[in-house]
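Breakdown of the fold
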There are 2 protein chains.
Amino acid sequence: MSEPLKGAAVIGQSGGPTAVINQSLVGFIEAAVQAEAITQVLGARHGVQGMMAGDLVDLAAETPEHLEKVARTPAAALGSVRMKPEADDVAQMIKTFKAKNIRYFFYIGGNDTAETAHIVNQVSAQQGYDMRCFHIPKTIDNDLRVTDHCPGFGSAARFVMHAFQGDDRDNRSLRGVKINVVMGRHAGWLTAASVLGRRNETDGPHLVYLPETVFNPEQFLADVAAVHGKYGRCLVAVSEGIHDGSGKPFLQVYAEESGSALAGDTDSHGNVQLSGTGALGDALANLVRGHLGDIRVRADTFGYLQRSFPADASAVDRAEARMVGQAAVAAAIGGEHQSGSIALRRKGGSSYECETFVTPLETVAKHTKDMPENFLLGTNGVADSFLDYALPLVGEFEAMADLHMYPTSSC
Amino acid sequence: MSEPLKGAAVIGQSGGPTAVINQSLVGFIEAAVQAEAITQVLGARHGVQGMMAGDLVDLAAETPEHLEKVARTPAAALGSVRMKPEADDVAQMIKTFKAKNIRYFFYIGGNDTAETAHIVNQVSAQQGYDMRCFHIPKTIDNDLRVTDHCPGFGSAARFVMHAFQGDDRDNRSLRGVKINVVMGRHAGWLTAASVLGRRNETDGPHLVYLPETVFNPEQFLADVAAVHGKYGRCLVAVSEGIHDGSGKPFLQVYAEESGSALAGDTDSHGNVQLSGTGALGDALANLVRGHLGDIRVRADTFGYLQRSFPADASAVDRAEARMVGQAAVAAAIGGEHQSGSIALRRKGGSSYECETFVTPLETVAKHTKDMPENFLLGTNGVADSFLDYALPLVGEFEAMADLHMYPTSSC
């Protein structure tokens, strides 16, 4: 491996978009066009679909000025795809690779994307076709193993934090119960970010329900009644993935018990659609309405804005997303690794700073990472230790300000 | 009226909050503490409720530094209320005013708020109690008469524009049909703002449905099918107030025809709840799913974030909201007007600039203003003339950027 492998590089984007996924793409392009071993810098449209079909574009022809604008544009500039390639599909991809002498494969995405990179790495090795296969991490869910956190999370967390800051003010103005549903089917990281703008216990969200714990509807109603009794208002953060003791999504439990049809799609595995529908929020609001009677109850589902809002990305997240794209090229041409996933770890020291390292693909592929116990507070809260972890990732923000409500002097 | 009336001033906030409603409050306080005729600067908690109960606070004791922070905090810092006071209620308010020698009444809000100011003005005159009554405009709906536009609209429009810019990128990445429901029961101004970030006809929203026209579900399905057939994707902006030819909300029509229960509340007039529920988006998504078959269909309802998101207010809107608060004090102590509503008009000249003027309360109270015909484009679009009107209100923003998708050279 002393002589670097010479050939073209291809990159694709996969899974749900983020606000900074194109920062990683641009970081990759910047580094790849500088690399002597890389003879062409190619992009595949819609990920593995484009690699199978040979639907490739020339990324080296883009100017640095234009790439800066692309980097600041949310969602996958090359198009994304949700597809786990079968053995035949991978064989088809490798045909494309051979035809174009593609020796470097990069794939930006989450754990499923890392698994695809792992499979491509294995099949090319079986075929004796010398390749370098690297996964570049991305997910607003922040649920990849090994890495300290995932590019894309900081910006989504910042949006969720800001949304709760503002909505808490809204709910103070008109009072009642407000429920906000946040993305995250299996892990509660993004929902937990709802607490990052709180100044004290009067600030919402007052209750936070995560998929790391079992959701008990009776306890939920008792919790809401207690907070509403205390403050005359209650702001609730709910992860879309809340579930019963058997792991069944609450929305499915509710639909079965109430005999109401589910609003959205179910996928081929029978999973109910949790994103792109307001069904869960509406179900919870109905539950509260039935229990607490004549008070104002509203529910919002933040939806795709969490991962695509262009005007509130975290500066730290932008920089780190760029960095992992660059680091993937450095690792691929460095000679030390045949394959791997780029991960982040915090440097020691008083101020926050991260560096990259390479971890084997199989340590990131397939399985995800829940929030650890020490970040949870009972069944309806988030521990302060989570703030230490997450605040550096969202960047600076303004605290909300109350009037002092000074008493009037008698006149 | 040569001798200015001397006495205390009271201010309240009413109706749905905005991101800049506290700018108007702070503009009022800044001007009121300087005014010799005003002996005390009082705030009423939760609007007329606080005025009836004598629940007042001293606003002059706040420091300018702290008020700057309050001004940048969304939603009503004094608390809001949705209440049209009856004759008895107004009599109760005037009791409070007399007890505290309150001679200046200011009320920040929409058309219902202007009506309250109008009633207070009439009743105090009937009682021979000399008062000045002023309405300070505020509404994300932008539906007040007389004024060129409403403080609060620019910031909400900026949020909606950014949300559609980002969501269009998201929908390009994964394709299919995406429907976003925007606030606005009677007027389509805010939904129309969804188009402000479009660069060309391939950018979404591709279809915009406003309450100024009749919503025809069959035409809607045909429109969506045509756009999806052309681009493989379709982004739709829908106002929550879309309705049939008789004015009945589409959500109610859908619920009656499909026999499904409505998710949310109905108010005392039997109006269905349109905000704080995902029901309309889910109904439209189901309709498309049933019609177009096996494609990805998602719906989001932007909800209260549109009016309360703290990190994306329009700079122009912030400044104008501050200005109308200041202008209300100037008008009240100026001697020319006993009462009125502050309105905005554009100055002539090549660059955008607005000035304030006073319009009689009855010209703003009660009725609202729909979008004019020349801002509409058929039954599913927005005319370019709306861009000229609205772009100065949202302020500067970044255009989204595509990769050029250069073809690969053969190798």
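None of these values were measured; they are calculated from a predicted model.

**A look at the overall build of chain A**
Tallying secondary structure elements over chain A gives 13 helices and 14 strands in all. For 411 residues, the compact-globule estimate of 2.2 N^0.38 gives 22 Å, and the C-alpha radius of gyration of chain A, at 23 Å, lies within 12% of that figure. Projected onto the principal axes, the alpha-carbon positions of chain A cover approximately 85 × 55 × 35 Å. Burial analysis of chain A (411 residues in total) assigns 58% to the buried set.

**What to know about the relation of the copies chain B and chain A**
Two copies of the chain are present, and they differ by a rotation about an axis and a shift along that axis. Mapping chain B onto chain A leaves a residual RMSD of 0.0 Å; the transformation is a rotation of 180 degrees accompanied by 0.0 Å of translation along its axis. On this basis, the relationship between the two copies can be described by a two-fold rotation axis. The C-alpha atom lying nearest the rotation axis in chain B is that of B:G278; the distance is 2.0 Å. Looking at chain B, 99% of its interface residues are interface residues in chain A too, so the copies touch through the same face.

**A short note on the packing of helix α1 (residues 21–34) of chain A against helix α3 (residues 64–71) of chain A**
All names here are of chain A. The geometry of α1 relative to α3 is characterised by a closest axis approach of 8 Å and an angle of 155 degrees between their N-to-C directions. Looking at the two axes, α1 sits roughly antiparallel to α3. Contacts between α1 and α3 involve N22, Q23, V26 and I29 from the first element and L67, V70 and A71 from the second. Residue composition of the contact of α1 with α3, grouped by class: 5 nonpolar, 2 polar and no charged.

**Notes on the sheet that holds strand β3 (residues 56–58) of chain B**
Taken together, 8 strands build an open sheet; the order of strands is β14(A)-β3(B)-β2(B)-β1(B)-β4(B)-β5(B)-β10(B)-β11(B) and the sheet is mixed. The open sheet has two edge strands with one neighbour each: β14 (406–407) of chain A together with β11 (354–359) of chain B. Sheet topology note: the strand β5 (residues 132–137) of chain B/strand β10 (residues 339–346) of chain B ladder contains 3 bridges and is parallel. Each bridged residue has a counterpart across the sheet, and for B:C133 the counterpart in β10(B) is B:S339.

**So, the sheet that holds strand β8 (residues 233–239) of chain A**
Residue and element names in this part refer to chain A. Taken in spatial order, the 4 strands of this open sheet run β7-β8-β6-β9, and their pairing is parallel. Whereas interior strands pair on both sides, the edge strands pair on one side only; in this sheet they are β7 (207–209) and β9 (297–301). Going from strand to strand, the sheet's axes swing by 15 degrees on average, the running direction of each strand aside. The sheet contacts of helix α8 (residues 217–231) involve β6 (176–182), β7 and β8, and relative to β8 the element is tilted by about 150 degrees. Across the sheet, helix α10 (residues 279–292) touches β6, β8 and β9, and the angle it forms with β9 is around 165 degrees.

**Structural notes on unusual backbone geometry**
Residue and element names in this part refer to chain A. P205 follows G204 through a cis peptide bond whose omega is 0 degrees. Checked against the element boundaries, P205 lands in the loop between α7 (189–192) and β7. Even without glycine at this site, V146 takes up a positive phi of about 75 degrees. Along the chain, V146 turns up in the loop between β5 (132–137) and α6 (153–174). The exposure class of V146 is partly exposed, given the 16 C-beta atoms found within 10 Å. A positive phi angle, close to 70 degrees, is found at K366, a residue other than glycine. Inspection of the secondary structure assignment puts K366 in the loop between β11 (354–359) and β12 (376–377).

**Considerations on the packing of helix α1 (residues 21–34) of chain B against helix α12 (residues 315–334) of chain B**
Between two packed helices, what matters for the description is the angle formed by their axes and the separation of those axes. All names here are of chain B. Running from amino to carboxyl end, α1 crosses α12 at an angle of 40 degrees, the nearest separation of the two axes being 7 Å. When the interaxial angle is binned, α1 and α12 end up oblique. Both α1 and α12 take part in a crossing whose hand is right-handed. From α1, Q23, S24, L25, V26, G27, F28, E30, A31 and A32 reach across to α12, where they touch R318, A321, R322, M323, V324, G325, Q326, A328, V329 and A330. Here the contact of α1 with α12 is built from residues that sort into 11 nonpolar, 5 polar and 3 charged.

**Quick word on α1(B)**
Residues and elements named next belong to chain B. With 14 residues, α1 ought to run about 20 Å at 1.5 Å a step, and its terminal C-alpha atoms sit 21 Å apart, in line with that. Counting buried residues in α1 gives 11 out of 14 residues, a clear majority hidden from the surface. When we look at burial in α1, the residues that qualify are I21, N22, Q23, S24, L25, V26, G27, F28, I29, A31 and A32. Packed against the buried residues of α1 are β1 (7–13), β2 (38–44), α3 (64–71), β4 (102–109), β5 and α12.

**A short note on the interface of chain B and chain A**
Taken together, the 67 residues of chain B in the interface contact 66 residues of chain A. Among the elements of the structure, β2, β3, α3, α6 (153–174), α10 (279–292), β9 (297–301), α11 (305–308) and β14 (406–407) of chain B are those that each provide at least two residues to the side of chain B that touches chain A. With 10 residues, the single largest contributor to the side of chain B that touches chain A is α6(B). Here 2 bridges tie β14(A) to β3(B), and the two strands are oriented antiparallel to one another. Paired with A:P407 across the bridge in β3(B) is B:V57.

**What about the confidence of the model for chain A?**
Counting all residues, the mean pLDDT for chain A is 94, and 96% of those residues have values of 70 or more. Interface scoring of the predicted complex returns ipTM 0.96; its pTM is 0.96.

**Quick word on the environment of A:A315**
Structurally, A:A315 can be placed in helix α12 (residues 315–334). Sequence separation of A:A315 and A:S80 is 235 residues, and the distance between their C-alpha atoms is 24 Å.

**Re the pairing of β2(B)**
Residues and elements named next belong to chain B. The buried count for β2 comes to 6 of 7 residues, which makes it a mostly enclosed element. Bridge analysis of β1 against β2 gives 4 bridges, and the strand direction is parallel. In the strand pairing of β2, I11 is matched with G43. Crossover β1 to β2 through α1 is right-handed. For β2 and β3, the ladder comprises 3 bridges, and the chain directions are antiparallel. Across the sheet, the residue bridging to L42 is D58, located in β3.

**Details of the domain arrangement of chain A**
It is common to give the size of an interface as the accessible area that goes away when the parts come together. Residue and element names in this part refer to chain A. What the domain assignment reports for chain A is domain 1 (7–151 + 313–363) and domain 2 (156–310 + 372–394). Each partner contributes to the interface: domain 1 provides 15 residues, whereas domain 2 provides 16 residues. The class makeup of the residues in the side of domain 1 that touches domain 2 is 7 nonpolar, 5 polar and 3 charged.

**What about the environment of A:L274?**
Residues and elements named next belong to chain A. Residue placement: L274 occurs in the loop between α9 (250–258) and α10. Since 22 C-beta atoms lie within 10 Å of it, L274 is described here as buried. Beyond its immediate chain neighbours, meaning those up to four positions away, L274 contacts R185, E240, G241, P249, L251 and L280.

**What to know about helix α5 (residues 111–126) of chain B**
Residues and elements named next belong to chain B. Under the 1.5 Å per step criterion, the end-to-end length of α5 is 23 Å for 16 residues, consistent within 8% with the ideal 22 Å. Three or more residues of α5 are buried, namely N111, T113, A114, E115, T116, A117, H118, I119, V120, N121 and S124. Where α5 is buried, its residues touch α2 (48–53), α4 (87–99), β4, β5 and β10. Looking one or two places after α5, you find G128, whose phi comes out positive at around 70 degrees.

**A word on the nonpolar core**
One recurring pattern in soluble globular proteins: nonpolar side chains tend to sit buried together. Judged by nonpolar contacts, the single largest core of 252 residues is most densely connected at A:A157, A:V160, A:A328, B:A157, B:V160 and B:A328. With residues near it in sequence (within four places) discarded, B:A157 still touches B:L190, B:A193, B:L196, B:A390, B:L393 and B:V394.

**Considering the pairing of β5(A)**
All names here are of chain A. Counted residue by residue, β5 has 6 buried out of 6 residues, so it is predominantly covered. Here β5 shows two buried faces, one formed by R132, F134 and I136 and the other by C133, H135 and P137. With 6 bridges joining them, strand β4 (residues 102–109) and β5 adopt parallel strand pairing. Opposite F105, over in β5, you have C133 as the bridge partner. Assessed by its sense of winding, the connection that carries the chain from β4 through helix α5 (residues 111–126) to β5 is right-handed.

Quick notes on the rules
- Residues numbered from 1 in each chain as written.
- Chains lettered and ligands numbered in written order.
- Predicted model: local features only at pLDDT ≥ 70, side-chain atom pairs only at ≥ 80, totals over all residues.
- Helix = DSSP H or I, 4+ residues; strand = E, 2+ residues; numbered from the N terminus.
- Rg over C-alpha atoms; globule rule 2.2 N^0.38 Å.
- Buried ≥ 20, exposed ≤ 12 C-beta atoms within 10 Å, placed from the backbone.
- Least-squares fit on C-alpha atoms with pLDDT ≥ 70 in both.
- Contact = placed C-beta atoms within 7 Å.
- Axes fitted to C-alpha atoms, helices over the stretch in contact; angles between N-to-C directions.
- Parallel < 35°, antiparallel > 145°, perpendicular 65-115°, else oblique.
- Nonpolar A, V, L, I, M, F, W, Y, C, P; charged D, E, K, R; others polar.
- Pairing = 2+ DSSP bridges.
- Left-handed = near helix turned anticlockwise from the far one by under 90°.
- Expected span 1.5 Å × (residues − 1).
- pLDDT = per-residue confidence, 0-100.
- Right-handed = clockwise from strand over helix to strand, strands pointing away.
- Domains from an automatic or database assignment.
- Core = buried A, V, L, I, M, F, W, Y, C linked by C-beta atoms within 7 Å.

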